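# Structure assessment
Listed below are the residues making up each chain.
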Amino acid sequence: MEFVEEVTHRPPLVLGIDPRPTLHGSNPIAHIRHYTLELLEALACKVCAVKFQAAFFEAMGPQGFALMHELMVAARVLSLPVIVDAKRGDIGSTAEAYAKAYLEAYRGSALTVNPYLGSDAMEPFFKAAQQSGGAVFVLVKTSNPGSGLFQDLPLEQGGRLYQFVADYLASQAEQQRVGDWSRVAAVVGATYPEPITEIRKRLPHSLLLLPGLGAQGGAVVRGPGLLNSASRALYYPDGQPSLEAAVRQAERYLAAMRE
């Protein structure tokens, strides 16, 4: 089954995994592995996907990077769709290598991508997603406070830069439809609720990944194809690892989505 089909048949909550070694005792790699494997199993029926933030694993060195790949495999064994949050973007040949490393190696998975280098830098990711049954989440309007410096720039022809990116993606999304939805998706911060509504109109067939739920101040946003993503608030409820608290927090988010 394709990523798009798997995700849209599950609860619209994404578990973000951003491990902090300082919260995992004297042997953090081992504890992160143990805790995450248990958490994946505990939340398997409550989330639509697991989002691995590559930077936090890379920061732990070779063992940490290897751990991320091990946990990605574990998620797929549990039939959990995987999103690699690596925000890759580079010239064509390098983009092809990134696409091979994540989309082709992990069929049916998704990758976040930076559009700044233009269409030829995104095309390898779109092509790999089509061939592997995966998806590409392109940054459109991000959750960080400084995102407007570039993304909100007014354009001479009217509109703003993030709107231009969304309109470009809409044309690409039509070429990558899987039923009602597309393999070409977008990242839109949950911290900016008004642009979510506007971008949904511009991208009617794209899944929207909404990071920033919880710790960054974002609230649950309801609607078809809206994937609410919580990292620290779900992975570290109450500021520390806790399976029981994570399950309770997931249930609170799901209840808010049903209201």
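Keep in mind it's a predicted model, so treat the numbers as computed, not measured.

### A short note on the overall build of the chain
- Scanning the chain for helices and strands turns up 11 helices and 9 strands.
- Principal-axis analysis of the C-alpha atoms places the extent of the chain at approximately 55 × 40 × 35 Å.
- For the chain, the proportion of its 259 residues judged to be buried stands at 53%.
- For the chain, the proportion of contacts with a sequence separation of at least 24, taken over those separated by at least 6, is 70%.
- Within the structure as shown, the chain displays about 11,400 Å² of accessible surface, and the carbon and sulfur contribution to it stands at 54%.
- Averaging the positions of the 23 positive and the 25 negative side-chain charges in the chain gives two centres separated by 3 Å.

### Quick notes on the nonpolar core
- In this structure, Leu13, Leu15, Phe52 and Leu169 are the most contacted members of the largest nonpolar core, which totals 72 residues.
- Apart from the residues within four sequence positions on either side, Leu169 is in contact with Met122, Phe126, Val138, Val140, Val184, Ala185 and Leu203.
- In terms of nonpolar packing, the next biggest core, distinct from the first, is built from 18 residues, Val7, Ala49, Ala110 and Val178 among them.

### What to know about unusual backbone geometry
- Phi angles above zero are rare outside glycine, and Ser79 is one such case at about 65 degrees.
- Among the secondary structure elements, Ser79 is positioned in the loop between α4 (61-77) and β3 (82-88).
- Note on Ser79: relative accessible area 41%, which makes it partly exposed.
- The phi angle at Asp238 is positive, at roughly 65 degrees, despite the residue not being glycine.

### Here's the deal with the packing of aromatic side chains
- Within the structure shown, the criterion is met by 4 aromatic pairs.
- Summarising the aromatic geometry, the rings of Phe3 and Phe137 are spaced 6.0 Å apart at their centres and angled 80 degrees between planes, so their arrangement reads as edge-to-face. In this pair, Phe3 sits in helix α1 (residues 3-8) while Phe137 sits in strand β5 (residues 135-141), placing the two residues 134 residues apart along the sequence.
- For Phe3, a relative accessible area of 0% translates into the label buried.

### Focus on the pattern of salt bridges
- Evaluation of the coordinates by the stated rule reveals 11 salt bridges.
- Across the pair Lys51 and Asp85 runs a salt bridge, and its minimum N-O distance is 3.0 Å. Placement of the pair is Lys51 in strand β2 (residues 49-53) and Asp85 in strand β3, with a sequence separation of 34 residues. Like Asp85, Lys51 is buried.
- Residues joined by salt bridges that share partners form a network here, namely Lys51, Asp85 and Lys87.

Criteria and cut-off values
- Counting of residues starts from 1 at the beginning of each chain's written sequence and follows it residue by residue.
- In view of the model being predicted, local features appear only for residues whose pLDDT reaches at least 70, and side-chain atom pairs are presented and counted only at 80 or more, with totals across whole chains, interfaces and linings using the full set of residues.
- Remark: hydrogens and water are excluded; side-chain values derive from all non-hydrogen atoms of the structure.
- Helix and strand definitions here come from DSSP, where helices need a minimum of 4 consecutive H or I residues and strands a minimum of 2 consecutive E residues; each element is numbered from the N-terminal end.
- For every residue, the accessible area obtained with a 1.4 Å probe (protein chains only) is divided by the maximum for its type, and the residue is called buried under 20%, exposed over 50%, and partly exposed between those limits.
- By the convention used here, residues are in contact when the closest approach between their heavy atoms is within 4.5 Å.
- Computed with the Shrake-Rupley method and a 1.4 Å probe, the accessible areas treat only the protein chains shown as cover for residues.
- Charge assignment in this entry is limited to Lys and Arg as positive and Asp and Glu as negative, and neither His nor the chain termini are counted.
- We put the charge of a Lys on NZ, of an Arg on CZ, of an Asp on CG and of a Glu on CD.
- Residues belong to one nonpolar core when they are buried, are Ala, Val, Leu, Ile, Met, Phe, Trp, Tyr or Cys, and are joined through side-chain atoms within 4.5 Å.
- In this analysis, rings of Phe, Tyr and Trp, with Trp reduced to its six-membered ring, are considered paired at centre separations within 6.5 Å, and the interplanar angle assigns stacked below 30 degrees, edge-to-face beyond 60, and tilted for intermediate values.
- Think of a salt bridge as a Lys or Arg side-chain nitrogen and an Asp or Glu carboxyl oxygen that are within 4 Å of each other.

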